[in-house]
Amino acid sequence: DGGITQSPKYLFRKEGQNVTLSCEQNLNHDAMYWYRQDPGQGLRLIYYSQIVNDFQKGDIAEGYSVSREKKESFPLTVTSAQKNPTAFYLCASSPPGRYSNQPQHFGDGTRLSIL
Amino acid sequence: GQQVMQIPQYQHVQEGEDFTTYCNSSTTLSNIQWYKQRPGGHPVFLIQLVKSGEVKKQKRLTFQFGEAKKNSSLHITATQTTDVGTYFCAGPSRFTGGGNKLTFGTGTQLKVEL
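Our subject in this report is the structure included herewith. (Residues numbered from 1 in each chain as written. Chains lettered and ligands numbered in written order. Predicted model: local features only at pLDDT ≥ 70, side-chain atom pairs only at ≥ 80, totals over all residues. Heavy atoms only, no water.)

Residue and element names in this part refer to chain B. By the secondary structure assignment, Thr103 is in strand β10 (residues 100-104). The buried category is assigned to Thr103, whose relative accessible area is 14%. Excluding its chain neighbours within four sequence positions, the residues that come into contact with Thr103 are Gln2, Val4, Cys89, Ala90, Gly91 and Ser93. (Helix = DSSP H or I, 4+ residues; strand = E, 2+ residues; numbered from the N terminus. Buried < 20%, exposed > 50% of the residue type's maximum accessible area, 1.4 Å probe, protein only. Contact = heavy atoms within 4.5 Å.)

As structure tokens, then:
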């Protein structure tokens, strides 16, 4: 059954700690995305990758880093530089084509909180 | 940069009442997408509109793309409790470094009371 798997579902970060959120997809999609959602808010783009070994900063990339070493995987690291990391993080992917015209498929998300 | 606004931000309706959310973009869009996010869940793609003035229906949901391709609406007829959630519109925009992305609207949260 194809889809996007995010783990963990819940994550707690200590002060000064880097944490990594996992995102794996078996949809054979080229493009992958990371969004941040704060309570009652819309989705804000953190990073975006069109192909393996390539990624671009989104609207709120400061304090975050990503890698795209495999087509299936797009992990997000929330660094200690991100002073307000508490949020719901959503990973998405979209099929080949004109990327902005393709519907995005989302994972179930990771809820990150500060200890 | 591009902004996509939605109104209202919240809407409470009685079951059986109609509901409409409006989406407005600061720039002309080549297409617009709509997503639904259930409470505690993730956004799920509903539909894409491409043509100026386009109207599409999915059962009790009617989607419309404005003539100028800068606004869109979603209308739900006779709401049910299963319609509860937040509805987002999303339009394409360019990255400053090239490439395309989707800009999501601010969302309209719908609550349906029995």
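Turning our eyes to something else, we now look at the interface of chain A and chain B. Contacts between chain A and chain B engage 24 residues on the former and 24 residues on the latter. In total, chain A and chain B occlude about 1800 Å² of area from one another, counting both sides; carbon and sulfur atoms represent 51% of this. Inspection of the region where chain A meets chain B yields 1 salt bridge. Across the pair A:Asp59 and B:Lys101 runs a salt bridge whose closest N-O atoms are separated by 2.7 Å. For the pair chain A and chain B, the interface holds 5 residue pairs in polar contact (both at pLDDT 80 or more). (Buried area = accessible area lost by both parts, 1.4 Å probe. Salt bridge = Lys/Arg side-chain N within 4 Å of Asp/Glu carboxyl O. Polar contact = N/O pair within 3.5 Å; in protein donor to acceptor, adjacent residues only side chain to side chain.)

On to the side chain of A:Ser94. Along the chain, A:Ser94 falls in strand β9 (residues 87-94). There is a polar contact of 2.7 Å between the side chain of A:Ser94 and the side chain of A:Tyr33.

On to the sheet that holds strand β8 (residues 76-78) of chain A. Residue and element names in this part refer to chain A. Strand order across the open sheet formed by 4 strands is β1-β3-β8-β7, with antiparallel pairing between neighbours. On the outer flanks of this sheet lie β1 (4-7) and β7 (64-66), each paired with one strand and no other. Within the sheet, the average angular offset between the axes of one strand and its neighbour, ignoring direction, is 20 degrees. Pairing of β1 with strand β3 (residues 19-25) involves 4 bridges; the strand directions are antiparallel. Bridging from a neighbouring strand, Ile4 pairs with Gln25 of β3. (Pairing = 2+ DSSP bridges. Axes fitted to C-alpha atoms, helices over the stretch in contact; angles between N-to-C directions.)

Moving on, we come to the packing of aromatic side chains. Residues and elements named next belong to chain B. The final tally for this structure, using the stated rule, is 12 aromatic pairs over all chains. Here Phe19 and Tyr87 contribute two aromatic rings whose centre-to-centre distance is 6.0 Å and whose plane-to-plane angle is 40 degrees, an arrangement assigned as tilted. Pair noted here: Phe19 is in strand β3 (residues 19-25) and Tyr87 is in strand β9 (residues 85-94), with a separation of 68 residues, a long-range link. The buried category is assigned to Phe19, whose relative accessible area is 2%. (Phe/Tyr/Trp six-rings, centres within 6.5 Å; stacked < 30°, edge-to-face > 60°.)

This brings us to the nonpolar core. Within the largest apolar cluster, 20 residues are counted, with the highest numbers of intra-cluster contacts made by A:Leu21, A:Trp34, A:Ile46, A:Leu76, A:Val78 and A:Tyr89. Taken together, the elements giving at least two residues each to this core come down to β3, β4 (31-37), β5 (43-49), β7, β8 and β9 of chain A. Excluding anything up to four places from it in sequence, A:Leu21 contacts A:Ser7, A:Leu11, A:Trp34, A:Pro75, A:Leu76, A:Val78, A:Tyr89 and A:Thr110. Counting residues in each nonpolar core, the second largest holds 19 residues, with B:Leu46, B:Leu61, B:Leu74 and B:Ile76 among its members. (Core = buried A, V, L, I, M, F, W, Y, C linked by side-chain atoms within 4.5 Å.)

Residues and elements named next belong to chain B. Spatial ordering of the open sheet is given by β1-β3-β8-β7-β6, a layout of 5 strands whose pairing is antiparallel. Looking at strand neighbours, the two that pair on one side only are β1 (4-7) and β6 (55-58), the edges of this open sheet. Each adjacent strand pair in this sheet contributes to an overall mean axis angle of 15 degrees, direction not counted. As paired elements, β3 and strand β8 (residues 71-76) share 6 bridges and run antiparallel to each other. Considered in β8, the bridge of Thr20 is made with His75.

With that out of the way, let us pick up unusual backbone geometry. Negative phi characterises most residues that are not glycine, and trans characterises most peptide bonds. Following A:Ser7, the chain continues into A:Pro8 via a peptide bond in cis, with omega recorded as -10 degrees. Note on placement: A:Pro8 falls in the loop between β1 and β2 (10-13). Of note, the amide linkage connecting B:Ile7 to B:Pro8 takes the cis form, showing an omega dihedral of -5 degrees. Inspection of the secondary structure assignment puts B:Pro8 in the loop between β1 and β2 (10-14). A positive phi angle, close to 65 degrees, is found at A:Asn53, a residue other than glycine. Relative to the assigned elements, A:Asn53 resides in the loop between β5 and β6 (56-57). Given a relative accessible area of 61%, A:Asn53 falls into the exposed group. Residues other than glycine seldom take positive phi values, yet B:Ala78 does so here, at roughly 50 degrees.

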